Amino acid sequence: MAVYLDNSATTQPSAAVIAAMNEAMTSGWHNPSSLYRPAMEAEKRLSAARETCLKAAGAAGHRLIFTSGGTEADNLGVLGHLRTVKKPGRVLMLTTEHPAVLSCQQEIERLGHKAERIPVGQDGVLDLAALEAMLGEDVALLCVMQVNNEVGAVQPVDEVVRLRDKLCPKAAIHVDGVQGFLRVPFHFGKSGVQSYAFSGHKIHACKGIGALIVRKEHRISPILFGGGQEDDLRSGTENTPGIIGLGEAVRTYPADAAERMAALKRRLWQGIHEAVPSAVLNGPDIGSPASAPHILSVALPPVRSQTMLFALEGDGIYVSNGSACASRKQKVSGVLSAMGLSTQQADCTIRMSLCPDLTEADMDETVNAIEKHYGLLKAFVRR
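Residues numbered from 1 in each chain as written. Predicted model: local features only at pLDDT ≥ 70, side-chain atom pairs only at ≥ 80, totals over all residues. Heavy atoms only, no water.

Draft legend 1. Seen up close, the pairing of strand S8 (residues 210-214). Among the 5 residues in S8, 5 count as buried, and that is most of the element. Of the two faces of S8, the one lined by Gly210, Leu212 and Val214 and the one lined by Ala211 and Ile213 are each fully buried. Across 5 bridges, strand S2 (residues 63-67) lies against S8 in antiparallel orientation. Across the sheet, the residue bridging to Phe66 is Ala211, located in S8. Here strand S7 (residues 195-199) runs beside S8; their pairing, made up of 5 bridges, is antiparallel. Each bridged residue has a counterpart across the sheet, and for Ser199 the counterpart in S8 is Gly210. (Buried < 20%, exposed > 50% of the residue type's maximum accessible area, 1.4 Å probe, protein only. Helix = DSSP H or I, 4+ residues; strand = E, 2+ residues; numbered from the N terminus. Pairing = 2+ DSSP bridges.)

Printed below as a string of structure tokens:
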């Protein structure tokens with residue numbers, strides 16, 4: 001049986017999600033903007049999914065805009081807000097942000113603002129002292145990724161909010177929660193951030209659905225135009241099956257998922273470290289509060305990541321050599337480089353990302369396979 005350890009790239013849709021989406025496509029497929037009874041029933045189900053997501057994020061009473069996924073939600077959170085900011089300012093974003101945020105830089109500058117990068121430490125956590133030195137009244141927006149998708153570094157959002165309130169209280173904060181939603185504690189209403197993005201296919205819903213949560217008073221402008229759906233902030237006929245599936249994924253996500261995954265992650269790392277003493281952990285220490293429960297990044301020098309990846313695939317074990325967004329581009333990870341890793345360490349890194357359905361037996365099988373392949377492959381490394 002396969003052991004799938006690339007859940008940060010995408011997750012398998014759950015049986016509950018598939019059933020809910022199947023029902024939506026067979027009998028609840030009507031356009032929720034229409035006025036006849038079946039359409040109004042579809043609209044009620046969309047509203048119920050919206051409330052489920054808001055409640056799970058601690059955002060009851062705030063706005064939630066359904067999008068096509070995390071990338072659109074991040075773009076809307078960043079660019080949608082900056083379109084409403086008339087005075088040019090600075091936009092600060094982590095050096096390790098997801099491309100959905102980093103790639104907005106050209107458009108940010110076209111809007112008249114200046115984009116600057118916040119450095120991170122060797123553990124992938126943002127440098128609070130450096131951030132404090134960068135803050136000033138001309139900062140318009142701060143972008144902080146809740147959990148890094150490559151090394152699982154949990155960012156100190158509360159400390160960022162505290163510094164913002166002290167040094168640039170008019171600045172907005174956007175959080176990319178794609179890798180954090182439901183897996184790391186977060187209460188939007190109490191957080192002090194202005195917008196929060198998440199994606200369905202990271203939590204066992206389908207691809208092509210996500211959302212942006214926005215404070216009621218936070219100004220945001222649409223980046224798509226058309227029929228005025230989603231409170232005129234995201235035009236286009238709603239993805240009814242995807243939204244209903246997202247709501248079901250959130251409703252059925254295990255309450256103890258983070259605890260279970262954290263225990264599996266500890267077991268996996270301990271097993272790898274014992275089997276391969278030269279293995280190097282990338283990111284925060286396993287027991288640190290800055291370590292997400294579901295992402296483990298490990299370097300296995302001198303064996304290159306792609307070599308190990310393909311060897312493990314032969315055993316039915318699927319891992320990643322970094323972010324799925326960059327894995328085909330054959331270049332050193334920008335995240336690992338920003339953390340100060342050597343080219344060799346980065347080139348020998350694999351990422352294993354967990355889901356609540358995995359077992360201790362899956363972890364042990366993975367450790368045994370890594371030990372077997374490492375013992376063979378380390379002798380054939382090109383020098």
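Draft legend 2. Here's a closer look at the sheet that holds S2. If you trace the 7 strands from one edge of the open sheet to the other, you get S2-S8-S7-S6-S5-S3-S4, paired in mixed fashion. Bordering the open sheet on either side are S2 and strand S4 (114-118), each of which pairs with just one other strand. Strand-to-strand twist of the sheet, defined as the mean angle between neighbouring strand axes without regard to direction, takes the value 20°. Pairing of strand S3 (residues 90-94) with S4 involves 5 bridges; the strand directions are parallel. Note on S4: the bridge partner recorded for Leu94 is Ile118. Each of S2, S7 and S8 touches helix H2 (residues 37-56); the most contacted strand, S2, lies at about 115° to it. (Axes fitted to C-alpha atoms, helices over the stretch in contact; angles between N-to-C directions. Contact = heavy atoms within 4.5 Å.)

Draft legend 3. Examining empty space enclosed by the protein more closely. Counted according to the given criterion, the structure contains 1 cavity of 30 Å³ or more. Quantified by volume, the largest cavity comes out at close to 60 Å³. In terms of lining residues, the largest cavity is bounded by Asn7, Thr11, Arg183, Lys202, Ile203, His204, Tyr253, Met261, His294, Leu354, Cys355 and Pro356. Here the lining of the largest cavity is composed, by residue class, of 6 nonpolar, 4 polar and 2 charged. (1 Å grid on protein atoms, 1.4 Å probe; cavity = no way out; pocket = protein on both sides within 12 Å on 5 of 7 lines; lining within 4 Å. Points joined across faces, edges and corners; volume = space filled by probe spheres on them. Nonpolar A, V, L, I, M, F, W, Y, C, P; charged D, E, K, R; others polar.)

Draft legend 4. Geometry of the sheet that holds strand S10 (residues 295-299). The strand order S9-S10-S12 describes an open sheet built from 3 strands, whose pairing is antiparallel. A strand with exactly one partner marks an edge of an open sheet, and here the two such strands are strand S9 (280-282) and strand S12 (349-353). This sheet shows a mean twist of 30° between the axes of neighbouring strands, independent of strand direction. Bridge analysis of S10 against S12 gives 5 bridges, and the strand direction is antiparallel. Considered in S12, the bridge of Ala299 is made with Thr349. Across the face of the sheet, helix H11 (residues 257-275) comes into contact with S9, S10 and S12 while running at roughly 10° to S10.

Draft legend 5. Region of interest: the packing of helix H12 (residues 305-314) against helix H15 (residues 360-377). Put simply, H12 and H15 touch, their axes get as near as 10 Å, and they point 130° apart. If you check the angle between H12 and H15, you find them oblique. Considering how the two elements wind past one another, H12 and H15 form a crossing that is right-handed. The residues of H15 that touch H12, namely those facing Thr307, Met308, Ala311 and Leu312, are Ala369, Ile370, His373, Tyr374 and Leu377. When its residues are assigned to classes, the contact of H12 with H15 shows 7 nonpolar, 2 polar and no charged. (Parallel < 35°, antiparallel > 145°, perpendicular 65-115°, else oblique. Left-handed = near helix turned anticlockwise from the far one by under 90°.)

Draft legend 6. Looking closely at the pattern of salt bridges. Enumeration over the complete set of coordinates arrives at 18 salt bridges. One salt bridge in this structure joins Arg50 and Glu230, with 2.8 Å as the shortest N-O distance. Residue Arg50 is located in helix H2, and its partner Glu230 is located in helix H9 (residues 229-232); the two are separated by 180 residues in the primary sequence. Each member of the pair, Arg50 together with Glu230, is buried. Lys114 is paired through a salt bridge with Glu116; the nearest N and O atoms lie 3.7 Å apart. Three or more residues are tied together by salt bridges with common partners; here these are Arg90, Lys114, Glu116 and Asp138. (Salt bridge = Lys/Arg side-chain N within 4 Å of Asp/Glu carboxyl O.)

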